[in-house]
Amino acid sequence: MGGRRLLAAALVAAVGLVPLVAGTAAAADGVRVGNDQIPACGATVSPTGYCTAVRNAGTAAVVDDARARTGRGYLRLDTPGGGDKVTVYAQAFNGRKLSEITDLEYQTLVEQGNDSRQVPALNIPVNPNKAGSTFTTLVFEPVYTATTPLQDGTWQTWPASSTGGGWWASGTDPVTGVPNKYGFDSYTADFAAVKAALPDAVITGGIAVNQGSGNPGLRSGVDNLRINGTTVDFDNPVVPTALAATGGNGQSAQVRTAFARPLSATVTGAGNAPVAGQDVTFTVTGGSAAFPGGATATAATGADGVATSPALSAGATAGPVTVTATAGTLSTTFALTVTPAPVIPREADLSIVLGVPNTMKAGTTVPVTVTIRNAGPAAATRVAGAVTLPTGLRATAAPGGIVSGGRSVAYLVPSIAAGTERTFTVTVTVDRTAAGARTLEAGVAPSQVRDPKLANNAARVTTTVVR
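Residues numbered from 1 in each chain as written. Predicted model: local features only at pLDDT ≥ 70, side-chain atom pairs only at ≥ 80, totals over all residues. Heavy atoms only, no water.

### Re the nonpolar core
Item 1. If you look at the biggest cluster of nonpolar residues, it comprises 43 residues, and the most contacted ones within it are Leu75, Leu104, Ile124, Leu138, Trp167, Phe184 and Val194.
Item 2. Non-local contacts of Phe184, meaning those with residues more than four positions away in its chain, are made with Leu138, Trp167, Trp168, Ala169, Val178, Pro179, Ala189, Ala193, Val194, Ala197 and Leu198.
Item 3. Core analysis: the second largest hydrophobic core is formed by 33 residues, Met360, Val366, Phe424 and Ala459 among them. (Core = buried A, V, L, I, M, F, W, Y, C linked by side-chain atoms within 4.5 Å. Buried < 20%, exposed > 50% of the residue type's maximum accessible area, 1.4 Å probe, protein only. Contact = heavy atoms within 4.5 Å.)

### Let's talk about the state of the cysteines
Item 1. Enumeration over the complete set of coordinates arrives at 1 disulfide.
Item 2. A disulfide bridge connects Cys41 with Cys51, and the sulfur atoms are separated by 1.9 Å. Torsion about the S-S bond of the Cys41 and Cys51 cystine: about 85 degrees, corresponding to right-handed handedness. Placement of Cys41 in the loop between β1 (18–19) and β2 (50–55) and of Cys51 in strand β2 is noted, with a sequence separation of 10 residues between them.
Item 3. Of the residues examined, Cys41 reaches a relative accessible area of 32% and is grouped as partly exposed. (Disulfide = S-S within 2.5 Å. Helix = DSSP H or I, 4+ residues; strand = E, 2+ residues; numbered from the N terminus.)

### Looking at the packing of aromatic side chains
Item 1. Going through the model one piece at a time under the given rule, you end up with 9 aromatic pairs.
Item 2. Ring centres of Trp168 and Tyr187 lie 6.3 Å apart, and the angle between their planes is 45 degrees; on these two criteria the pair is classed as tilted. Taken together, the positions of Trp168 in strand β10 (residues 167–169) and Tyr187 in the loop between β10 and α2 (191–197) put the pair 19 residues apart, joining distant regions of the chain. Like Tyr187, Trp168 is buried.
Item 3. Clustering of aromatic rings is evident, with ring pairs tying together Tyr106, Phe140, Trp167 and Phe191. (Phe/Tyr/Trp six-rings, centres within 6.5 Å; stacked < 30°, edge-to-face > 60°.)

### Digging into unusual backbone geometry
Item 1. Here the bond from Gly376 into Pro377 is cis, since omega is 10 degrees, no more than 30 degrees from zero.
Item 2. By the secondary structure assignment, Pro377 is in strand β27 (residues 365–377).
Item 3. The phi dihedral of Asn56 is positive, around 55 degrees, even though this residue is not glycine.
Item 4. Among the secondary structure elements, Asn56 is positioned in the loop between β2 and β3 (59–64).
Item 5. Residue Asn56 is classed as exposed on the basis of its relative accessible area, which comes to 59%.
Item 6. Although it is not a glycine, Asn224 sits at a positive phi angle of roughly 50 degrees.
Item 7. Assignment of secondary structure puts Asn224 in strand β13 (residues 218–227).

Read these as layout, nothing more, since geometry by itself doesn't imply function.
This is the structure:
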């Protein structure tokens, strides 16, 4: 029972069948099964989608082995005695029409041979839907293809759907090259001829690999079973043995801002193989920081064994932050830093600009603008500004300012925020007797912050008075 539970859990966590284009190399990871006995076939579909039917001491198990063609292991079939038999079914094809099967291929490895010079076969139990017959098993045996000699100790590929010959049917008296009662030539017919002879046949039980009776002492491997363009790589799930902080470690963020990179942790097993589908929990175990949902977040590893946390945000307190990632009994630690917010210097770069017409006509009034700007970075408070008029010009109105003797206007502004400006208008009256060039001057200074650039705190503009 323990083996069945392990297998079911492993396959539920696996990525499932890997689709491949027919004729391409097999995927490194397809269906993963546990390294105990595959569940016995019963009345319902196995949780794994694969089940085993055995006779006597026949066994089937997925094993880790360095000789694996792809991945880390393969399906091992054992028939130690002459009456032993083992069959592993892909149950997903139960109930499908035989005519729907277009692509069949698998690979075998004879680990320990016998005198029969056999390798595992493909079995397809079907209801022929022909008069006088309700069941037969269609069998593909590489030994009858006469195309590739069977070899021990090496992987061989058997394209059962395209190789000429190799097919026969149970319950018949097969004579090589002679049509059996189902209408195809035993042993010499190819798969297309088999399907043509049984156009209405329906698969019962699934498509299977089989190591039948009469093969005492045969131990073999099967891998990369391909059915209709989908390849199954029998591989054990990787047992997690290590967890490492592999992304986002050592970074810093200012208070109340997000860290630039998420945290990544990698789970691996023997041989540094990645572990997919493993939950990793990230927990803030020290300092001021949080994930969107709080101090803890969980993410699953992908095919590369990497789990990536959601964004981590710095809290309100500067200092070191520790995040611990755990996967089962494994753990690793991230060391991060929350830095203080930058100190905005108590400086305000003030400037003043005069807007004066190029010419003024004697005996008229003209507007002159005074603009005080603050380039920051801090707000300027208690700002004092002034405009001085030359002889021949008098200030007759200055909203927001204080006129003194008609020749000067003073401004006292409580505050000008960084990046803003204030503009005032002075109404200037030109004397009737004035003529020629006249220069207006202005200046500004903050009283409670430092001004780092004094060169732009004064302005001089010359205009010409005409008659």
